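# Observations on chain architecture
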Amino acid sequence: MSKSSRRAAVKATLVIFIALALFLGLASAACAASWSDIETSTLDAYGISPDQIAQVSSGFPDGTWQPWRGITRAQFAKMAVTAFAVALANPASQSFSDVAPGHYYYPYIEGAHSAGLMKDVDEGLFDPAATMTREQAIAVVARKAAADGAFDLSSMKPEDIAAALADFDDAGSISASLRAELAFAASQGLTKGDSAGNLAPKAPVSRIAAAALLIRATEPKSLHLDAEDNGTTITVKVGDEIQVVLKGNSTTGFSWMATLSEEDAGILEQIGEPTYVPDSQLIGAGGTYTFTFKAVAAGDAALKLVYLRPWESVPPLETFEVRVLVGSLPLDDTAWRLEGWSVSSLDPRDFLMTAVFTDGHLSGKAAVNLYGGPYFATAGGDFSVGAIISTKIAGPEPAMRAERLYFELLQQVRHYQMSGDRLTLLDANNNELLIFAAVSLAADTGIEGEVWIGPISPVSKPGEPDSKPYSASIRIRSVAEDRIVAVVTSDENGRFRIALVPGRYVLEPEQGDPLPRASTQEVTVVAGQLTHVRIDYDSGIR
């Protein structure tokens, strides 16, 4: 897939973490700085405002913000948990040997670590005073994007990583521990190299670049388009905003104008007048036009802009047009298991294939791998699926074939019919492609497991058990919400079972003081499936 194709696919999913491109500079409307040392031109270059900066950082007591100063790993952790609204953490036992309780940044670093955003740099060391690098900053945003898309970064194979990074001449200098994150960011269009084809992974990140990165990463409901998106199709929800940025030159008499039909204007509303910012003060210099539209109703609309001289009766010099599918999401909060399809060679009931619709997002399991992506649907029965992201686990050939067929059929769907406990997805000619049966999340989806403790005696004898079932309380933390959503206790046989909605969870077994102890573990819950886990406690008996 080309860079431009990857970029368009990510935009279509509304995973708008394009802030990484801000390291290269972007243009925006001018605004006045509120700190003594941040110039308006600096804010323009990064496309951010003082109010947005204030949401992630308060600056220094002397009234400066010091935008070009390098940002330390501790400072970036504080900025990241603030930007992503991550809960602070203050555990009694520190996660890193060089950041102890009482350290000013301790709750921020522990919070970033608990949320999976930041990790150690070397065997339990966080190195809080070290300057944050580009690869470390990109990795944080990649982890956030992957978590939001239910993508397991550890599932990426070495050959997939190498292929994703092949476009960058300095890919060999990326730290081994961060290659998966940067490969994911590159493959999904979250970052791009400079004009020389380099990522500069070890280059330090300035405070202003870090702030811009995190600010843009927290704006998932604003879709940014430019000339490269001309002719594409995008999927959004009612209430989402679309920003179109196009180059032009007002000194020539030409200007960009929106030309929406009456029907399209009922779906897409233009917000305010377009802005024009010249590239420089030189006479005859070109500039940038910025239009903002809001999706106000479900439907299929053509977002069209033309570049012309208004007084001339000739065809426009340039035309920009994007098809916008605005969904009302009538399938949200439903879950299904595939029972039939238009393929005769395989029976889908021989595999676990599920579809869960939540907040404009389709996710589930496709025979072997977990997948996710945006979907579009209207109350009238229109339906389509955007770019799909999936894990890369290999499985038996029949299952992998079934998975490929499932994804192929999903991309052909254009209509749906829902009746009672049956969901049917159809092609453009209303031919049935996929037939699902409803699943009860409460009954069929969640975690079941067993808890054991050992050793049970100081000396292990051949043929005799060295562990036994154990009754313990286990807290269940939602990764997406970063909060405890349930507590379950195993019975006298060590067994437990709990219903949960699909998603990623961390199991936190209760700990003794100092023993017995058990490790936390992360679990992915898939619709229509009980995920089995085993928790082992160390009794301390030796």
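Chains are numbered independently. Their residues run from 1 in the order of the written sequence. Side-chain atom pairs in this predicted model are given and counted only at pLDDT of 80 or more, local residue features only at pLDDT of at least 70, and totals for whole chains, interfaces and linings cover all residues. Water and hydrogen atoms play no part in the side-chain values, which are based on all heavy atoms of the structure.

### What to know about helix H11 (residues 397-412)
One turn of an α-helix holds 3.6 residues; hence residues three or four places apart share an orientation. This is how it is decided: Helix and strand assignments come from DSSP, with helices taken as H or I runs of at least 4 residues and strands as E runs of at least 2, each series counted from the N terminus. The length a helix should cover is 1.5 Å for every residue beyond the first. Note on classification: 1.4 Å probe, protein chains only; a residue is buried when its accessible area is under 20% of the maximum for its type, exposed when over 50%, partly exposed between these limits.
With 16 residues, H11 ought to run about 22 Å at 1.5 Å a step, and its terminal C-alpha atoms sit 23 Å apart, in line with that. Buried within H11 are the following residues: Ala-399, Met-400, Ala-402, Glu-403, Leu-405, Tyr-406, Phe-407, Leu-409 and Leu-410.

### Some thoughts on the nonpolar core
Side chains of nonpolar character tend, in soluble globular proteins, to be buried together. Just so we agree on the cut-off: By nonpolar core is meant a set of buried Ala, Val, Leu, Ile, Met, Phe, Trp, Tyr and Cys residues that side-chain atoms within 4.5 Å join together.
Counting 42 residues, the largest nonpolar core has Ile-48, Ile-53, Trp-65, Phe-76, Met-79, Ile-109 and Met-118 as the members making the most contacts within it. In terms of residue count, helix H9 (residues 207-217) provides more of this core than any other element does, nine residues in total.

### Observations regarding unusual backbone geometry
Residue Gly-454 is joined to Pro-455 through a cis peptide bond whose omega torsion reads -5°. With respect to the secondary-structure elements, Pro-455 resides in the loop between strand S19 (446-454) and strand S20 (468-469). At the junction of Asp-513 and Pro-514, the peptide bond is cis and its omega measures out at 5° in the coordinates. Along the chain, Pro-514 turns up in the loop between strand S24 (503-509) and strand S25 (517-518). For Glu-123, which is not glycine, the phi torsion reads 45° and is therefore positive. Its identity as a non-glycine residue notwithstanding, Asp-127 has a phi of 55°, on the positive side. Note that Asp-127 resides in the loop between helix H5 (106-114) and helix H6 (134-148).

### Examining the pairing of S19
Counted only if it meets this: Paired strands, as defined in this entry, are two strands with at least two bridges between them according to DSSP.
Where S19 and strand S23 (residues 495-499) come together, five bridges link them in antiparallel fashion. Across the sheet, residue Gly-449 finds its bridge partner in S23, namely Phe-496. Bridging between S19 and strand S27 (residues 530-538) involves nine bridges; their strand directions are parallel. By the bridge assignment for S27, Gly-449 is matched with Val-533. Note that S19 and S20 share two bridges and pair antiparallel. What sits directly across from Ile-453, in S20, is Lys-468.

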